[in-house]
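Coordinate inspection notes
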Amino acid sequence: MPPTTSKDLTPILVLLFFSSLLLLLDLTGALYWFKQIRSYIAYPLTTVSFTIKSGTLHSFQNIFDGSTLSEENITLKQRILELETANTSYAQDIESFKSLGKELDTLKKDKEYKRSERARVLDIHTENIRGKIKLNRGSRVGIRTGMPVVIGNSYVGYISEVTPYESICITYLIPGQEFVGYILKSKISGILKTEISSIEMTDLLATEQVKLHDVVSIRREDYPYYFSFGTITKVPANDGSAERKATVKGLLPLDSINYVTVVLE
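Residues numbered from 1 in each chain as written. Predicted model: local features only at pLDDT ≥ 70, side-chain atom pairs only at ≥ 80, totals over all residues. Heavy atoms only, no water.

Describing the pattern of salt bridges
Our working rule: Any Lys or Arg side-chain nitrogen located within 4 Å of an Asp or Glu carboxyl oxygen qualifies as a salt bridge. Helix numbering and strand numbering both begin at the N terminus, where a helix is a DSSP run of H or I of at least 4 residues and a strand a DSSP run of E of at least 2. Throughout, exposure labels follow a simple rule: accessible area from a 1.4 Å probe, protein chains only, divided by the maximum for the residue type, with under 20% read as buried, over 50% as exposed, and the rest as partly exposed.
For the structure on display, the rule yields eight salt bridges. Between Glu-265 and Arg-115 there is a salt bridge, with its nearest N and O atoms 3.5 Å apart. Remark: Arg-115 occurs in the loop between helix H2 (32-109) and strand E1 (116-123) and Glu-265 occurs in the segment after strand E12 (259-263); sequence separation between them is 150 residues. A residue is classified by how much of its surface remains accessible, and Glu-265, at 34% relative accessible area, is partly exposed. Owing to a relative accessible area of 39%, Arg-115 belongs among the partly exposed residues under this scheme. Asp-255 is the partner of Arg-130 in a salt bridge, and the nearest nitrogen-oxygen pair spans 3.0 Å. Of the two residues, Arg-130 is situated in the loop between E1 and strand E2 (132-135) and Asp-255 in the loop between strand E11 (244-250) and E12; the sequence distance between them amounts to 125 residues. By sharing partners, the salt bridges in this structure join Lys-114, Arg-115 and Glu-265 into a single network.

Description of the side chain of Ser-217
Threshold: Pairs of residues are marked as contacts when any of their non-hydrogen atoms sit within 4.5 Å.
Tracing the backbone through its elements, the reader meets Ser-217 in strand E9 (residues 215-218). Those residues within four positions of Ser-217 in sequence are excluded, and the remaining contacts are Val-180, Gly-181, Tyr-182, Leu-184, Tyr-226, Phe-227, Ser-228 and Phe-229.

Here we look at the confidence of the model for the protein chain
Inclusion rule: pLDDT expresses how confident the predictor is about each individual residue, on a scale running from 0 to 100.
In the predicted model, the protein chain carries a mean pLDDT of 77, and the fraction of residues at 70 or more is 60%. Residue range residues 106-111 is modelled with pLDDT below 50. Its contacts to residues more than four positions away, or to other chains, number eight contacts.

Some details on unusual backbone geometry
At Lys-187, a position not held by glycine, the phi torsion is positive, near 55°. Residue position: Lys-187 is located in the loop between strand E6 (178-183) and strand E7 (188-194). Positive phi, close to 75°, is recorded for Asp-222, a residue that is not glycine.

Focus: the packing of aromatic side chains
Any aromatic ring pair is given by two values, namely how distant the centres are and how the planes are angled relative to each other. As a reminder, the rule being used: Here a Phe, Tyr or Trp ring, Trp counted by its six-membered ring, pairs with any other such ring whose centre lies within 6.5 Å, and the pair is stacked when the planes are under 30 degrees apart, edge-to-face when over 60, and tilted otherwise. Ring-over charges, as used throughout, are those where CZ of Arg or NZ of Lys falls within 6 Å of the ring centre and within 35 degrees of the ring normal.
With the rule as written, the count across this model stands at nine aromatic pairs. Ring pairs connect the aromatic residues Tyr-113, Tyr-155, Tyr-172, Phe-179, Tyr-225, Phe-227 and Phe-229, which therefore count as one cluster. Its guanidinium or amino end placed over the ring of Tyr-259, Arg-118 lies 4.1 Å from that ring's centre, counting from NZ or CZ. Over the aromatic face of Tyr-226 sits the side chain of Arg-219, whose NZ or CZ is 5.0 Å from the ring centroid.

Structure below.
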């Protein structure tokens, strides 16, 4: 059996000796000069390290802040869209209330007509045609072709087709129609022409002074009533032309009506 070898402790003892010596020198201040030299050497390294660390932290912070601002910007834009949508909805509600008010006025103004029949709108885009509406009343209640259709005192259109229980109304939104239009308060008359995107009052004399917001009325043949049709939104130019024309806007939002009155007599 080989003899047991003893472990050499000399390196450890030497390390302990020098550690104790350095500690003793530090306590007596003998290493002050060494600390000064070390601080001069280490200061640039420490400064550079701090600058790099600080810059890195700021970069990450800026990236985070930029991301946060971007998210807040997206949120604000979404909120603006929601508010705009709500505002549009409120505006539509207001228009609906106005339309409803006019429809309720129909019940009051029916008494002005000798005979009339109230009808519900079944379809505002019959055969996919805007301005062609279907009503739930027909010949069984006395409705015939040519009869005017109104809401209150405002003109909607005329009956073009009739069955015993339903009828079709051609509204003023259908282009290519012509009526005689009257501005009653100033005793002016002209020809109303419905186009695809506008309504014009033509054949106005150079001496006839049409004003903005004047109410234009029409009459249907064989009926004594004047029906309000629209208002002047653009007056003709005073250029001496023999054929002057004005732009007219209809009074009713026909895309959202629910009830109308058919004037029978």
